[in-house]
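# Structural overview
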Amino acid sequence: MDIRRRNNVTVTGCSEGPVLLLAHGFGCDQNMWRLVVPTLAESYQVVLFDYVGSGRADPSAWDERRYSSLEGYAQDVLEVCEELDLRKVTFVGHSVSAMVGVLVAAKAPQRLSQLVMVAPSPRYIDDEGYRGGFSAEDIDELLESLESNYLGWSGAMAPVIMGNTDRPELGQELTASFCATDPDMARVFARTTFLSDSRQDLKTVTVPTLILECKQDVIAPREVGAYMVGVVPGSRLVTLEATGHCPQLSAPQATVTAIIDFVGAAW
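Okay, so let's go over this structure. Fair warning: this is a prediction, and the values are worked out from it, not measured in the lab.

## Here we look at unusual backbone geometry
The backbone of D85 shows a phi angle near 50°, a positive value even though the residue is not glycine. Along the chain, D85 falls in the loop between helix 3 (70-84) and strand 4 (89-94). Judged by relative accessible area, which is 47%, D85 ranks as partly exposed. Positive phi outside glycine occurs at A119, with the angle close to 50°. You can see A119 is positioned in the loop between strand 5 (112-118) and helix 5 (136-148).

Here you go:
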C-alpha cells in the first residue's frame, strides 16, 4: 500500500532541520495546522498527514475494526514514520492525538524523541478522584446525538468546542471540517475518542513532554492538565493565553512560540 497516498502525507520546511510530525484530532485534518506551519517550517522539517477516515486520506483504506481503537491510529503514525524513515521525531498531537503519540512512543521509542500534547485529555469521562469534564451520561448523550444526526451535531457542537464566540469564523471553520468528514467514519472515531481511557498509558512515557492547555477549554478543563503533569514523568505544563480546544487556530502565535521554546531547548 502507498502510505503517502493513504494518509495524504505532506512534507515541508527545512529538509535538514529536526522533524516535527503534526497529528490532528477528531473531526479535523492537517489543514488545522496551517497557521503554525509557516513559522515552524523556517527551522524544522514539518510532516503532516490525515488519519484514514479524515481529510484527504484514502477512504478505501478504512477499516472499522482497526479504527475502533486508538491503536489503529497509532499504527497509521508508525507506518508513516517507517515509510519516511523518520527518527528522533517530535510528535505534536492535538486533542486525542496526544494519546496516540503516547502509544507510538511506547511502541517505537527509536522513532519519537519528544512529545508535544496540544489540549490533551487521557479520559473525557469523570472518575473517582479524576475530573475529565463530562459525566458518563454526558458522553452517552453526545454520542447518541452525533450518531443520530451527525451534520446537525456538528453544526451545534463545533462552535462550542472551538469557543471564541467573538470570532464566529473559527467555529464556522471547525463546523465545515466536521461536516466534511464521512459520518460513518466520524461515528467510529468519536466513540474511540470519547470513550478512551489512556491514564495508565501516560505512565509509560519516557521522553521529554510538553503539555499545552488553554485557559478555558470545555473539552479539556484545567484539572486535566494538572493531572497529566503530575503523572507524565518529567513533563512540563504550559497554559496558553487562549480559549477553546483548538489553540493552533485561535492562538497560533502563542502555540507556535511554546512549541519552538520547548523543541529548541531540547535540541
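Resuming the write-up.
## Examining the packing of helix 3 against helix 4 (residues 96-107)
With their axes 9 Å apart at the nearest point, helix 3 and helix 4 run at an angle of 65° to one another. One element, helix 3, and the other, helix 4, form an angle in the roughly perpendicular class. The interaxial crossing formed by helix 3 with helix 4 has right-handed handedness. When helix 3 is examined against helix 4, the residues L70, E71, Y73, A74, V77 and L78 are found in contact with a partner set consisting of V96, M99, V100, L103, V104 and K107. Classifying every residue of the contact of helix 3 with helix 4 by side-chain character gives 10 nonpolar, no polar and two charged.

## Side note on the pattern of salt bridges
For the structure on display, the rule yields 18 salt bridges. In this structure, E79 and R6 form a salt bridge, with 2.6 Å as the shortest nitrogen-oxygen distance. Taken together, the residues span a long stretch of sequence, with E79 in helix 3 and R6 in helix 1 (residues 3-6) at a distance of 73 residues. The same class applies to E79 and to R6, which are both buried. Across the pair R199 and D127 runs a salt bridge, and its minimum N-O distance is 2.8 Å. Placement of R199 in helix 9 (residues 199-202) and of D127 in the loop between strand 5 and helix 5 is noted, with a sequence separation of 72 residues between them. For R199, a relative accessible area of 13% gives the class buried. In this structure D127 comes out as partly exposed when scored by relative accessible area, which is 35%. Connected via shared salt-bridge partners are R6, R66, D76 and E79.

Definitions and cut-offs
Residues numbered from 1 in each chain as written. Predicted model: local features only at pLDDT ≥ 70, side-chain atom pairs only at ≥ 80, totals over all residues. Heavy atoms only, no water. Helix = DSSP H or I, 4+ residues; strand = E, 2+ residues; numbered from the N terminus. Buried < 20%, exposed > 50% of the residue type's maximum accessible area, 1.4 Å probe, protein only. Axes fitted to C-alpha atoms, helices over the stretch in contact; angles between N-to-C directions. Parallel < 35°, antiparallel > 145°, perpendicular 65-115°, else oblique. Left-handed = near helix turned anticlockwise from the far one by under 90°. Contact = heavy atoms within 4.5 Å. Nonpolar A, V, L, I, M, F, W, Y, C, P; charged D, E, K, R; others polar. Salt bridge = Lys/Arg side-chain N within 4 Å of Asp/Glu carboxyl O.

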